[in-house]
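Structural characterization, general
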Amino acid sequence: MRQQLMEILRLVVTGTPGAGKSTFVRAASHVGVINTDRAATDETAQFKPQTTVAFDYGRVTVGSAIDLHIYGTPGQSRFNFMWDILIRRAHAYILLVAAHRPEDIPKAKQILAFMTNQVKIPMVIGITHLDCPGACAPEEVLLRLGYIDSRQYPFTVLVDSNSQLSVNMAINTSILALLLSRKKGLSNDLAFGHSVRPLEYQETPVAPKAKVASRQR
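Structural notes, computed from the coordinates. Note that the structure is predicted; figures quoted are calculated from it, not measured.

With that settled, consider the packing of aromatic side chains. Considering all chains together, one arrives at one aromatic pair under this definition. The interplanar angle of 45° and the centroid separation of 5.1 Å between the aromatic rings of Y57 and Y71 together place this pair among those described as tilted. Here Y57 is found in strand β4 (residues 56–62), whereas its partner Y71 is found in strand β5 (residues 66–72), with 14 residues between them in sequence. Residue classification places Y71 among the buried residues on the basis of a relative accessible area of 17%.

Right, dumping it as C-alpha cells:
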C-alpha cells in the first residue's frame, strides 16, 4: 500500500520578550529544539537573563497527516528583520501576550500590526501568565490589542507555556484556524476574517512528549 505523505506546515510563535515563546516551542517539540539564546543586554535583562536573537525551532507530528515546523521569533523590535523572514513562509502564527505585563501590550499590538502588514494568514492570540499577580483579564488584553467588539474577537486561547496540554491546545487551534480558512476558499495570501469568539477546547490529538520545560521565557 502506498504510504500517505505528511503535509508540512509552518507555525510561527511571536510576541514580546518574556511572553513564553521559547518555553512554548520546547514544550511542543518532539525533537531537540534549536535555539539562539544569548545574554540579554537591554531592558529585557531586568526580568530574564537570556533572550532569543534569531529564532527557536522545533517540530511536532500532529496525527498522521501533519508535520508541523514551529518557529519562535525574537521579541525585540530591533530583530524585526527576523520577524519578516520567518513570517513570510508561515501558514499560520500565534501571538503570545503576557497578561501580567500590561505595559508590554502596546508592543504586542505593534508586532501584530507588523505581521498583519506582511502576510494575511490565520492568526491566534495566546494569552499567557494569567496566574501571575496583577494579570489582566483576557477580555482586557483583547481590548488593549484593539478588539473593541467581542463579536470580532480572533481565535483566542489561554496558554500556559509550561503545560504540554495547554501548548497542544494552542497548536490545534492554529491548525483549526488554517483548515477553516481553507474551507472558506481562502489561500494563505488572503485575509482570514477575525469573526470567531474564543472557543472551549477539548484534549488535542498532538502526540505526547515525555519532558516539558519548567520555565516560561
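Examined against the element boundaries, L180 turns out to sit in helix α5 (residues 164–183). Spatially, the C-alpha atom of L180 lies 9.0 Å from that of P122, the residues being 58 residues apart in sequence.

The tally for this structure, following the rule as stated, stands at eight salt bridges. Across the pair K107 and D104 runs a salt bridge, and its minimum N-O distance is 3.9 Å. Overall, D104 belongs to the buried group, its relative accessible area being 5%. Residues joined in a network through salt bridges with shared partners are R101, E103, D104 and K107.

A word on the pairing of strand β7 (residues 123–128). Counted residue by residue, β7 has six buried out of six residues, so it is predominantly covered. Traced from strand β6 (residues 92–98) through helix α3 (residues 105–118) to β7, the parallel crossover comes out right-handed. Inspection of the sheet shows β7 paired to strand β8 (residues 155–158) by four bridges, in the parallel sense. Bridge assignment links I125 to a residue of β8, and that residue is T156. Handedness of the β7-helix α4 (residues 138–144)-β8 crossover: right-handed.

About the thresholds
- Residues numbered from 1 in each chain as written.
- Predicted model: local features only at pLDDT ≥ 70, side-chain atom pairs only at ≥ 80, totals over all residues.
- Heavy atoms only, no water.
- Phe/Tyr/Trp six-rings, centres within 6.5 Å; stacked < 30°, edge-to-face > 60°.
- Helix = DSSP H or I, 4+ residues; strand = E, 2+ residues; numbered from the N terminus.
- Buried < 20%, exposed > 50% of the residue type's maximum accessible area, 1.4 Å probe, protein only.
- Salt bridge = Lys/Arg side-chain N within 4 Å of Asp/Glu carboxyl O.
- Right-handed = clockwise from strand over helix to strand, strands pointing away.
- Pairing = 2+ DSSP bridges.

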